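# Structure assessment
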Amino acid sequence: MDTVHTMESMLNLRVHIAPVGFEIDRVVVPAAKMKADLVYLVVDKNIATDKSTKFQTEIIKKLKKKKIDSKVVYANRLQLFDIIRVVKEIILDHRDDEFYVNVASGSKIHAIACMMACMVFDDRKNIHPFYPQAKEYPCLLYTSDAADDSLRVDLGGRRIIKK
């Protein structure tokens, strides 16, 4: 009987959901380390003004290199309920799979919306919100707060003004 249970769990996908902000490693590194089968990238619906497009392109390229499938979904990054709706729909479409929802890769609105979307479901045993620790990344990366101000932030939290 144990074999049936094992086989059943092997058929489930490990689906990551990650808002795209101004960081690459906070999406790619956890997806690789946690052996994601599929990564949904939540991208701003307003493509014309979206400043994270180059990050999205790089994330997709790095995931493909690691043989991880990715799909892009769109939500208005300023609308909490639109992001919740998109994340909820992804979970409903793959309800039997394991979900890992990245609450660190986008803006604060993304983080709140992703957590709320995880809490919508009564049965949450296969939904796992997570926050990749910044200390694991040794390089300087843009964060969503700093990028709008044309500042850079090291991953220890100090602001460094670009000259």
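Below or above, wherever it landed, is the structure these notes cover. Just so we're clear, the structure is a prediction, and the values are computed from it rather than from any experiment. All chains use their own residue numbering, which begins from 1 and follows the written sequence. Two thresholds apply to this predicted model, a pLDDT of at least 70 for residue-level local features and 80 or more for giving and counting side-chain atom pairs, whereas whole-chain, interface and lining totals are computed over all residues. By convention in this description, side-chain values take in all heavy atoms of the structure and omit both hydrogens and water.

Here we take up the overall build of the protein. Numbering of helices and strands runs from the N terminus, with a helix taken as a DSSP run of H or I at least four residues long and a strand as a DSSP run of E at least two residues long. Helix and strand content of the protein: 6 helices and 7 strands. Burial statistics for the protein: of 163 residues in total, 45% are counted as buried. For the protein, the share of sequence-separated contacts (at least 6 apart) that also reach a separation of at least 24 residues comes to 68%. Calculation of accessible area relied on Shrake-Rupley with a 1.4 Å probe; when residues are assessed, cover is drawn exclusively from the protein chains displayed. Roughly 9,700 Å² of accessible area belongs to the protein as shown, and the carbon and sulfur atoms make up 56% of that amount. The classification of residues rests on relative accessible area computed with a 1.4 Å probe and restricted to protein chains. Under 20% of the type maximum is buried, over 50% is exposed, and intermediate values are partly exposed. Residue contacts follow a heavy-atom distance rule, with two residues in contact if any of their heavy atoms lie within 4.5 Å.

Let us now look at the pairing of strand 5 (residues 127-130). By the bridge criterion, 4 bridges tie strand 4 (residues 98-102) to strand 5 in an arrangement that is parallel. Residue pairing across strands places Asn 102 opposite Phe 130, the latter belonging to strand 5. By the criterion used throughout, a crossover qualifies as right-handed when its path from the first strand across the helix to the second strand runs clockwise, the strands pointing away from the viewer. Handedness of the β-α-β unit built from strand 4, helix 5 (residues 108-119) and strand 5 comes out right-handed. Here a strand pair is declared whenever DSSP counts at least two bridges between the two strands.

Expected span, for any helix, means 1.5 Å times one less than how many residues it has. With 12 residues, helix 5 should cover 16 Å at 1.5 Å per step; its first-to-last C-alpha distance of 17 Å lies within 8% of that length. Every buried residue of helix 5 is listed here: His 110, Ala 111, Ala 113, Cys 114, Ala 117 and Cys 118. Looking at the buried positions of helix 5, the neighbouring elements they touch are strand 1 (14-19), helix 4 (80-93), strand 4 and strand 5.

Take Phe 130: it is sitting in strand 5. Along the backbone, Phe 130 and Val 103 are 27 residues apart, and their C-alpha atoms lie at a distance of 6.1 Å. Among all residues touching Phe 130, those that are not within four sequence positions of it are His 16, Pro 30, Met 34, Tyr 100, Val 101, Asn 102, Val 103 and Ala 104.

Under the 1.5 Å per step criterion, the end-to-end length of helix 4 is 20 Å for 14 residues, consistent within 8% with the ideal 20 Å. What helix 4 keeps buried is the set Asp 82, Ile 83, Ile 84, Val 86, Val 87, Ile 90 and Ile 91. Residues of helix 4 that are buried sit in contact with strand 1, strand 2 (38-44), strand 3 (69-75), strand 4, helix 5 and strand 5.

The description of two helices packed together rests on the angle between their axes and the distance between the axes. Put simply, helix 2 (residues 25-33) and helix 3 (residues 53-65) touch, their axes get as near as 10 Å, and they point 15° apart. When the axes of helix 2 and helix 3 are compared, the pair comes out roughly parallel. Here helix 2 runs over helix 3; the crossing is right-handed. Side by side, helix 2 and helix 3 meet where Val 27, Val 28 and Ala 31 of the first sit next to Ile 59, Lys 62 and Leu 63 of the second. Residue classes follow a fixed rule: Ala, Val, Leu, Ile, Met, Phe, Trp, Tyr, Cys and Pro count as nonpolar, while Asp, Glu, Lys and Arg count as charged, and any other residue, Gly among them, counts as polar. Of the residues assigned to the contact of helix 2 with helix 3, the class counts are 5 nonpolar, no polar and 1 charged. Axes, fitted as lines to C-alpha atoms, cover a helix only where it is in contact. Angles between the N-to-C directions of the axes lie from 0 to 180 degrees. Throughout, the term roughly parallel applies to angles under 35 degrees, roughly antiparallel to angles over 145, roughly perpendicular to angles from 65 to 115, and oblique to all others. Handedness of a crossing is defined here by the sense of rotation of the near helix relative to the far one, left-handed for an anticlockwise turn of less than a right angle and right-handed for a clockwise turn.

What follows covers the nonpolar core. Membership of the largest hydrophobic core comes to 23 residues, with the highest contact counts inside it found for Ile 17, Tyr 40, Val 87, Ile 90, Ile 91, Phe 99 and Ile 127. The set of elements that each furnish at least two residues to this core consists of strand 1, strand 2, strand 3, helix 4, strand 4 and helix 5. At 6 residues, the largest contribution of residues to this core is made by helix 4. Each residue touching Ile 127, except ones within four places of it in the same chain, is listed here: Ile 91, Arg 95, Phe 99, Val 101, Cys 118 and Phe 121. Only buried Ala, Val, Leu, Ile, Met, Phe, Trp, Tyr and Cys residues count toward a nonpolar core, and they belong to the same one when joined by side-chain atoms within 4.5 Å. In this structure, Val 20, Ala 31, Val 39 and Leu 63 belong to the second largest nonpolar core, which totals 15 residues.

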